[in-house]
Amino acid sequence: MRFLLRFMGFVFAAGTIVFLVGVAAAAGLIWHFSKDLPDYSQLQNYEPPVMTRVHAGDGSLLAEYSRERRLYLPIQAVPKHVINAFLAAEDKNFYEHGGLDFQGLARAALLYVQNYGSNRRPQGASTITQQVAKNFLLTNEVSFTRKIKEALLAMRIERAYSKDKILELYLNEIYLGLGAYGVAAASLVYFDKSVNELSTAEAAYLAALPKAPAALHPVRNHERAIERRNYVIDRLLENGWIKQAEADAARKDPLAVTSRSSGHTFAGEYFAEEVRREVFERYGEKKLYEGGLSVRTSLDPKLQVVARQAFVQGLVKYDEAQGWRGELEKLDVTGDWGAKLAEIKSLSDISPWRLAVVLEVDDKAAKIGFQPRRELGGALAKARETGTIPLEGVKWAKAASGPRRGKAPTAVTQVLNRGDVIYADPLIGKDGKPEEGQYRLRQLPEVSGAMVAMDPSTGRVLAMVGGFSFDQSQFNRATQAYRQPGSSFKPFVYSTALDNGYTPSTVVIDAPIEIDQGSGVGVWRPDNYSSGKYLGPTTLRNALQRSLNTVTVRLAQDVGMPMIGEYAKRFGVYDSLPNYLSYALGAGETTVLRMVTAYSMFANGGRRVTPTLIDRIQDRYGHTIYRHDQRECRGCDAPEGWKDQPEPTLVDRREQVLDPMTTYQITSMMEGVVQRGTATVVKEVGKPIAGKTGTTNDQKDAWFVGFSPDIAIGVYIGYDKPRNLGRSMTGGVLAAPIAKDFLKVALADKPSAPFRVPPGIKLIRVDAKTGMRVSPGSSGGTILEAFKPGTAPPDNYSIIGVADGYATPDADRAIIRSGTGGLY
């Protein structure tokens, strides 16, 4: 008995010692691993990389920029059924444990012993809190050291933060495949829905992804993905979070993934890239790709679609008139032609055009096979689509070279051969609808250009087309291509004159002219487009309408190039204009955006506008950090509501670039260009439009820039490596019809409002040809002309030849000035 008691005492003492040693060892272990633990307090101020989203003016998504596609969502905004799905899949006891799930740990330890030596990856028993610790503060290293640190951090995090905060961090940080981080981004990427719109089955699929997003790809591993999704649905049912009927219905739901829509639907790639560059320059790379900015742009999606269609149709019409240049390349169509065709790069932004290969051809038709579409994840669709190009679909394709040059084809075999890689789109029948299974041959235009539409009052860019295809060339010709504007620059020469005492009825002689350019340079003989034809004495209005070069040069001589250069700089057309008379004819280089901005100042009464693609930028917290409109709104803040106070007023402190009366005079003259001059095609719009065409030497560039009271537009057409566009290919033939097609749609719902006449302007009836006052009652050949106070239509003319400092007494170089009441 004594021995037994002694033995028991020994055992107790030994046990105590072992217990104390164990406690000491555990304490030492905890101390050892705790001393270099990361600082978990950083989670309090955690700002994850969040994508920047760019929206059009109506709020539709235009583009997203990120390194990690993530939208941060507060836990209060996550629906309960989505939270339950993740808890069922990852940590059903999350709201009950203190950071560690000891049942799960025991289960993982048992499996580890069973699988020891099998080289299998140990099963984790990490709670959501442990995953937060690992994802935010540790690495993915598979080791006991990392698991111990993870457990210690989890317990500390639980003491420092609420359960909702921990879950919020987890749901926004976790990677869910296809580049999506967090449930908000994944919901958009996989289903094109917000989290509030997710069904139980969709939420269960997203909750299944954290374990192995690549292995549960919805297309490549479809069956396995459904199996794992249904496992999560079973856990939801087991935990009592859904009812049996709901679980049964969710299991039957197909796993249908919807690709995310983007700004491609309204062809805004050039616009979006310009916005991206501006945000990058303003805030830097980190803010752009990680800062979670919300960028509201000025883009009007409806106008953008119309601009893109009108511009592309104009390019294609011109290019097809030059003839068929041949196939893109040759392809062996034996075997699986679809897989071979899929390896050829096709343009993704020129729908409904599709890349195709000719499979069979005879005189009447060609059978074509289309490039297979790619499914989510990049897999090729198994189906092979085919169609037919009849003779009607190649009628336009006259030979661009060779013995048949210029001749329309009489057989499809004259145009296409087996193995030709081409583009085709649906053939439109006489009823205006696509013909079933019938297609039209297409050709990528060699010619290019740009187009910009702007709100002239604010400078907001409403639409921008920088070329035929962004996928083909990212070079934005609207903002980066410096081209000669030709005669579309002339309104700045004439407005300079009008602002300095000339009138629209001032008469200048239209006749041959020679300019001695100095020693060694030679004599310059500018001529009109209709070479050899001159009108003699001509009013400034008629000279602008007919785009007479000799009159413009004489006017520039009289006004002085330094003054014209100052006005051009004031309008922002050029930063600096050399004092050469050729620059009065648009020999300098500028961009479409600059020209449209400058014309907008004509349209708005002479107020300076700064072009902008961005209305407002907000940071990730919703604070506005940039706003384009700097006008002061007095009375807009009414914290106590409406109490019969005066209505708000906008205070516009923008610089007055040009006298409002001068802007009306030049606008009226440019209305004449549309009504009676070189841009008469634009009359079809049926609304008041002012504008000017431009054609450079050798027809290398064709321009039209114009405006209504509501919108300004600019178009140029030309080859990237400038070359002759062809005989008679002027701005009125190539660019103005594109503007017309756009304006007819853009202004369809706008009232036919005339340009506003500023106070002080007198409208006096004059002879349309001579500019002289006509007697009351006269009607034939007269117009209402705009005059400033102190000026009036001339009653007679006097020719000043040798006077006024001219170097030679040639009458050809004389400017005929108005007599009494005219220019002084």
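Reading the values: the criteria
Residues numbered from 1 in each chain as written. Predicted model: local features only at pLDDT ≥ 70, side-chain atom pairs only at ≥ 80, totals over all residues. Heavy atoms only, no water. Helix = DSSP H or I, 4+ residues; strand = E, 2+ residues; numbered from the N terminus. Buried < 20%, exposed > 50% of the residue type's maximum accessible area, 1.4 Å probe, protein only. Contact = heavy atoms within 4.5 Å. Pairing = 2+ DSSP bridges. Salt bridge = Lys/Arg side-chain N within 4 Å of Asp/Glu carboxyl O. Core = buried A, V, L, I, M, F, W, Y, C linked by side-chain atoms within 4.5 Å. Axes fitted to C-alpha atoms, helices over the stretch in contact; angles between N-to-C directions. Polar contact = N/O pair within 3.5 Å; in protein donor to acceptor, adjacent residues only side chain to side chain. Phe/Tyr/Trp six-rings, centres within 6.5 Å; stacked < 30°, edge-to-face > 60°. Lys NZ or Arg CZ within 6 Å of the ring centre and 35° of its normal. pLDDT = per-residue confidence, 0-100. Parallel < 35°, antiparallel > 145°, perpendicular 65-115°, else oblique. Left-handed = near helix turned anticlockwise from the far one by under 90°. Nonpolar A, V, L, I, M, F, W, Y, C, P; charged D, E, K, R; others polar. Patch = residues over 30% accessible without salt bridge, like charges linked within 9 Å, V, L, I, M, F, W, Y side chains within 5 Å. Areas by Shrake-Rupley, 256 points an atom, 1.4 Å probe, with all protein chains shown as cover. Expected span 1.5 Å × (residues − 1). Arc of directions from axis to C-beta.

A. How the structure looks around the overall build of the protein. The helix and strand tally for the protein stands at 21 helices and 28 strands. Taking all 824 residues of the protein together, the buried fraction comes to 51%. The long-range share in the protein, meaning contacts at least 24 apart out of those at least 6 apart in sequence, stands at 68%.

B. A look at the pairing of strand 26 (residues 782–787). In terms of residue burial, strand 26 counts as a mostly covered element, since five of its six residues are buried. Two strands pair when backbone bridges link them, and strand 25 (residues 762–767) and strand 26 are joined in this way by six bridges, in the antiparallel orientation. Note on strand 26: the bridge partner recorded for Arg-765 is Leu-784.

C. View of the pattern of salt bridges. Enumeration according to the criterion identifies 40 salt bridges in this entry. Here Glu-64 ties to Arg-69 by a salt bridge, and the two come within 4.0 Å at their closest N and O atoms. Taking relative accessible area as the criterion, Arg-69 reaches 28% and is therefore assigned partly exposed. Shared partners join several salt bridges into a network, and the residues in it are Arg-67, Glu-285, Lys-286 and Glu-290.

D. Here's a closer look at the environment of Phe-475. By the element assignment, Phe-475 lies in the loop between strand 13 (461–465) and helix 15 (490–498). Phe-475 sits 202 residues away from Glu-273 along the chain, and the two C-alpha atoms are 10.0 Å apart. For Phe-475, the residues in contact, after removing those within four places along its chain, are Tyr-270, Gly-466, Gln-480 and Ala-481.

E. Spotlight on the nonpolar core. In this structure, Tyr-494, Phe-571 and Phe-742 are the most contacted members of the largest nonpolar core, which totals 137 residues. If we skip the residues at most four places from it in the chain, Tyr-494 touches Leu-540, Ala-543, Leu-544, Leu-548, Val-551, Thr-552, Leu-555, Ile-666 and Met-669.

F. How the structure looks around the sheet that holds strand 23 (residues 701–707). Read from one edge of the open sheet, five strands run 13-12-24-23-22, paired in antiparallel fashion. The outermost strands of the open sheet, each flanked by one partner alone, are strand 13 and strand 22 (690–695). Sheet twist, expressed as the mean angle between neighbouring strand axes with direction ignored, is 5°. Contacting strand 12 (448–454), strand 13 and strand 24 (712–718), helix 13 (residues 301–321) runs over the sheet at an angle of about 30° to strand 13. Strands strand 12, strand 13, strand 22, strand 23 and strand 24 of the sheet are contacted by helix 19 (residues 592–603), whose axis makes an angle of about 30° with strand 23.

G. Region of the structure containing the side chain of Asp-425. Summarising the element assignment, Asp-425 is placed in strand 10 (residues 420–428). A distance of 3.1 Å separates polar atoms of two side chains, one belonging to Asp-425 and the other to Arg-442. With residues near it in sequence (within four places) discarded, Asp-425 still touches Pro-352, Trp-353, Tyr-439, Arg-440 and Arg-442.

H. View of the side chain of Gln-699. By the element assignment, Gln-699 lies in the loop between strand 22 and strand 23. Looking at Gln-699, the relative accessible area reads 15%, which means it is buried. If near-sequence neighbours (up to four positions away) are discounted, Gln-699 is found in contact with Tyr-529, Arg-723, Asn-724, Leu-725, Gly-726 and Met-729.

I. View of unusual backbone geometry. Of note, the bond from Ser-351 into Pro-352 is cis; its omega dihedral lies within 30 degrees of zero at 15°. Examined against the element boundaries, Pro-352 turns out to sit in the loop between helix 14 (337–342) and strand 7 (354–361). Notably, Ser-547 is not glycine yet its phi reads approximately 55°, a positive angle. Of note, Ser-547 is situated in the loop between helix 16 (540–546) and helix 17 (549–559).

J. Molecular detail of the packing of aromatic side chains. Evaluation of the coordinates by the stated rule reveals 23 aromatic pairs. Ring centres 5.0 Å apart and planes at 80° place the aromatic pair Phe-94 and Tyr-95 in the edge-to-face group. Given a relative accessible area of 0%, Phe-94 falls into the buried group. Considering the side-chain rings of Trp-353 and Tyr-423, the 6.4 Å spacing of their centres and the 45° angle between planes classify their relative orientation as tilted. With a gap of 70 residues between them, Trp-353 in the loop between helix 14 and strand 7 and Tyr-423 in strand 10 connect regions that are remote in the sequence. Here Trp-353 and Tyr-423 have matching classes, each one buried. Of the aromatic side chains, those joined through ring pairs into one cluster are Phe-489, Phe-492, Phe-571, Tyr-574, Tyr-599, Phe-602, Phe-707 and Phe-755. In this structure, Lys-163 packs its charged tip against the face of Phe-94, placed 4.4 Å from the ring centre. Looking at Arg-282, its charged tip hangs above the ring of Tyr-626, at a distance of 4.1 Å from the centre.

K. Structural view of the pairing of strand 24. With seven of seven residues buried, strand 24 is to be regarded as a mostly interior element. The alternating pattern of strand 24 places Ala-712, Gly-714, Tyr-716 and Gly-718 on one face and Ile-713, Val-715 and Ile-717 on the opposite face, and all of these are buried. In this structure, strand 12 lies alongside strand 24, joined through seven bridges in antiparallel fashion. By the bridge assignment for strand 24, Ala-450 is matched with Tyr-716. Across seven bridges, strand 23 lies against strand 24 in antiparallel orientation. Within strand 24, the position partnered with Phe-704 by the bridge is Val-715. Hairpin connection of strand 23 to strand 24: four residues between the antiparallel strands.

L. Inspection of the confidence of the model for the protein at higher detail. Residues of the protein with pLDDT of at least 70 account for 84%, and the chain-wide mean is 86. Low pLDDT (under 50) marks residues 798–824, which in the prediction has 61 contacts with non-local residues, meaning those over four places away or in another chain.

M. Here's a closer look at the sheet that holds strand 19 (residues 624–627). Strands sit in the order 2-1-5-18-19 across an open sheet of five strands; the sheet is mixed. Of all the strands in the sheet, just strand 2 (61–65) and strand 19 have a single pairing partner and so form its edges. Taken pair by pair, the neighbouring strands of this sheet meet at an average axis angle of 15°, ignoring direction.

N. Quick look at the packing of helix 15 against helix 18 (residues 561–571). For the pair helix 15 and helix 18, the least separation of the axes is 9 Å and the interaxial angle reads 115°. By the criterion of interaxial angle, the relationship of helix 15 to helix 18 is roughly perpendicular. Every pair of crossing elements has a handedness; the one defined by helix 15 and helix 18 is right-handed. On the side of helix 15, the interface is formed by Phe-492, Val-493 and Thr-496, while helix 18 contributes Met-563, Ile-564, Tyr-567 and Phe-571. Class assignment of the residues belonging to the contact of helix 15 with helix 18 gives a composition of six nonpolar, one polar and no charged.

O. Structural detail: a nonpolar patch on the surface. Taken together, the side chains of Val-757, Leu-763 and Leu-784 make up a nonpolar region of the molecular surface, amounting to roughly 230 Å² of accessible area. Of note, Val-757 is situated in the loop between helix 21 (731–746) and strand 25.

P. Geometry of the packing of helix 19 against helix 20 (residues 660–676). With their axes 8 Å apart at the nearest point, helix 19 and helix 20 run at an angle of 110° to one another. Compared by their axis directions, helix 19 and helix 20 come out roughly perpendicular. Contacts between helix 19 and helix 20 pair Tyr-599, Met-601 and Phe-602 from the former with Thr-663, Ile-666, Thr-667 and Met-670 from the latter. Partitioned by chemical class, the residues of the contact of helix 19 with helix 20 number five nonpolar, two polar and no charged.

Q. Region of the structure containing helix 20. Between its terminal C-alpha atoms helix 20 stretches 24 Å, which fits the 24 Å expected from 17 residues at 1.5 Å a residue. The N-cap of helix 20, judged by a side-chain oxygen 2.6 Å from the amide nitrogen of Met-661 a few residues on, is Asp-659.

R. Expanded view of helix 9 (residues 222–238). End to end, helix 9 covers 24 Å across 17 residues, agreeing with the expected 24 Å (1.5 Å per residue, within 8%). Those residues of helix 9 lying buried are Ala-225, Ile-226, Arg-229, Asn-230, Val-232, Ile-233 and Leu-236. Down the axis of helix 9, the buried side of the element spans an arc of 155°, and every buried residue falls inside it. Exposed residues on helix 9 whose side chains face more than 90 degrees from its buried face are Glu-223, Glu-227 and Glu-238. Among the structural elements, helix 2 (80–90), helix 8 (200–208) and helix 10 (244–252) are those in contact with the buried residues of helix 9.

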